[in-house]
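Tertiary structure, described
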Amino acid sequence: LRVVPSPRASTALGGASVVLLVAGLLAALLGLLHRSYVAADADTSGQQVPSSATRSGSPASLVDWESLGRQGREFVSDGPSASDIEGFSGEPALEPIRAYVGMHQAASPRERAELLVAEVKRAGGFERESVVVVVTSGLGSVHPVSARTVEYVANGDVATAATQYSAVPSWFTGFLDPTGANREASALVSAFTSAIEEIPEQSRPDLYLHGESLGALGSQDVFVGQTPQQVSEDFDGVLWVGTPAASTLISEWASFPAGTPAWEPVVGDGSIARFAASSERVEITDPGWGPDRVLFLHSATDPVAYLEGSLWRSRPDWIGQSRFDSIPERMVWWPLFTWEQMLIDFTTNGIVPPGFGHNYSNSHATGWAAVLHPDGWDAATVARLDAYRALVDPPDPGQPDPARGR
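Summary of the structure given here. Owing to the predicted nature of the structure, the values given are computational and were not obtained by experimental measurement.

With respect to the overall build of the protein chain
The helix and strand tally for the protein chain stands at 14 helices and seven strands. Within the span of the protein chain, comprising 406 residues, buried residues form 50% of the whole. Taking contacts inside the protein chain between residues at least 6 apart in sequence as the whole, the part at least 24 apart equals 70%. Element-wise, carbon and sulfur atoms account for 57% of the exposed surface of the protein chain, whose accessible area totals about 18600 Å².

Concerning the packing of aromatic side chains
Under the definition given, this model contains 12 aromatic pairs. On the basis of an interplanar angle of 85 degrees and a centroid distance of 6.1 Å, the ring pair of Trp253 and Phe296 is categorised as edge-to-face. One end of the pair, Trp253, is in helix α10 (residues 248–253); the other, Phe296, is in strand β7 (residues 293–297), with 43 residues separating them in the sequence. Neither residue differs from the other here; Trp253 and Phe296 are each classed as buried. Members of the aromatic cluster, connected to one another through ring pairs, are Phe223, Phe235, Trp240, Trp253, Phe275 and Phe296.

Let's talk about unusual backbone geometry
Residue Leu139 is not a glycine yet carries a positive backbone phi of 75 degrees. Residue placement: Leu139 occurs in the loop between β2 (130–135) and α5 (144–153). Owing to a relative accessible area of 26%, Leu139 belongs among the partly exposed residues under this scheme. Positive phi is not limited to glycine here, since His373 has a value of about 35 degrees. Topologically, His373 is positioned in the loop between α13 (364–372) and α14 (379–392).

Description of the pattern of salt bridges
Close approach of charged atoms lets side chains of opposite charge pair. According to the stated counting rule, one finds nine salt bridges in the structure shown. Its salt-bridge partner being Arg122, residue Glu119 comes within 3.1 Å of it at the nearest N-O pair. Taken together, the residues Glu119 and Arg122, both in helix α4 (residues 109–122) and three residues apart, mark about one turn of the helix. For Glu119, a relative accessible area of 0% puts it in the buried group. Judged by relative accessible area, which is 25%, Arg122 ranks as partly exposed.

Focus on α4
Under the 1.5 Å per step criterion, the end-to-end length of α4 is 20 Å for 14 residues, consistent within 8% with the ideal 20 Å. All buried positions along α4 are accounted for by Pro109, Arg112, Ala113, Leu115, Leu116, Val117, Glu119 and Val120. One or two positions beyond α4, positive phi appears at Gly124, with a value near 85 degrees.

Some points on helix α7 (residues 180–197)
Compared with an ideal rise of 1.5 Å per residue, which puts 18 residues at 26 Å, α7 spans 26 Å between its outermost C-alpha atoms and is within 8% of the ideal. Looking only at α7, the buried set comprises Gly180, Ala181, Glu184, Ala185, Ala187, Leu188, Val189, Ala191, Phe192, Thr193, Ala195 and Ile196. Tucked inside the fold, the buried residues of α7 contact α4, β2, β3 (158–163), β4 (206–212), α8 (214–221) and α9 (228–234).

The rules we used
- Residues numbered from 1 in each chain as written.
- Predicted model: local features only at pLDDT ≥ 70, side-chain atom pairs only at ≥ 80, totals over all residues.
- Heavy atoms only, no water.
- Helix = DSSP H or I, 4+ residues; strand = E, 2+ residues; numbered from the N terminus.
- Buried < 20%, exposed > 50% of the residue type's maximum accessible area, 1.4 Å probe, protein only.
- Contact = heavy atoms within 4.5 Å.
- Areas by Shrake-Rupley, 256 points an atom, 1.4 Å probe, with all protein chains shown as cover.
- Phe/Tyr/Trp six-rings, centres within 6.5 Å; stacked < 30°, edge-to-face > 60°.
- Salt bridge = Lys/Arg side-chain N within 4 Å of Asp/Glu carboxyl O.
- Expected span 1.5 Å × (residues − 1).

None of this, on its own, says anything about what the molecule does.
Pasting the structure below:
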């Protein structure tokens, strides 16, 4: 009895069976990964509840310690003390405020953003000189070097606030919920700009926005269709680090006059928004950079910033341009091969040293010094901060830290 009517149909049926089998195995693998990440997110081993009222999850907090997620608990438990900061600045400093809301404390982006505003208000954050709103990357992580350095640059007079919208890494988050970071960023921007508007103008803190990797992409999407001037009407400064290649805002803002490299495009007259391929190329004291500053840190060797979908079939502009720093002189473009090469580079970003690939940990201090531009700060001050942090700050678990050369 012939069940399959023809060899052609048999081949098609066999091919479909293989596809279904591979898809099933992939779905099972992703399911196992998801469960392992969720379990790790709930694991509180090795973590301690903060006692200071300046931290979310403390006894005075509006949010529960367990609900913060593992990255949130790391964030609120870390950071320099007022005495640490005073040791660097030589001036009286405040205990920095760190506020965080996990995805298990509130179900929607709007609820998390509103609760975060309330938590910042409870801790006295709106009475500080500066409030930094962070759109996190996957897992809900805030880069520890970024959080610490902004507190040193602000002399402790700052509240840093963030939420968690995912319990899995950025690449997995992008697969499961491609618009999750966008929705979270939109809710945070709306909640915090509204909260600032309710404060009398003479008493308002400066408001800053920060995002790295997926957090940068999600927060940039909020401003698509706007100009740098419009962004500066809501924020006193923005630091975007390692933005993925899919950014629509960068494609809208960036221009490339003759001789301009792909990694350092020009944005208008540069009085508000600028790109820098490394910390050494950030001009902190440039008088042509106005008081409201938007800085894109956009490394020339970052595969996340240049892994475009069209790379497999068309030669990108940055191949063959004047070489920058560690881009190999002999690097050329080959169809498909170059895309595969960068995809491999993409998977090794967690082990490259600071200043290479997607590791920007040696640039955060310069970035925050440029965006906040406190009086007297220059490149020498940043170098002194890195040297001081190497002596005082604890190691960053799982995060390369330029102050220690890891």
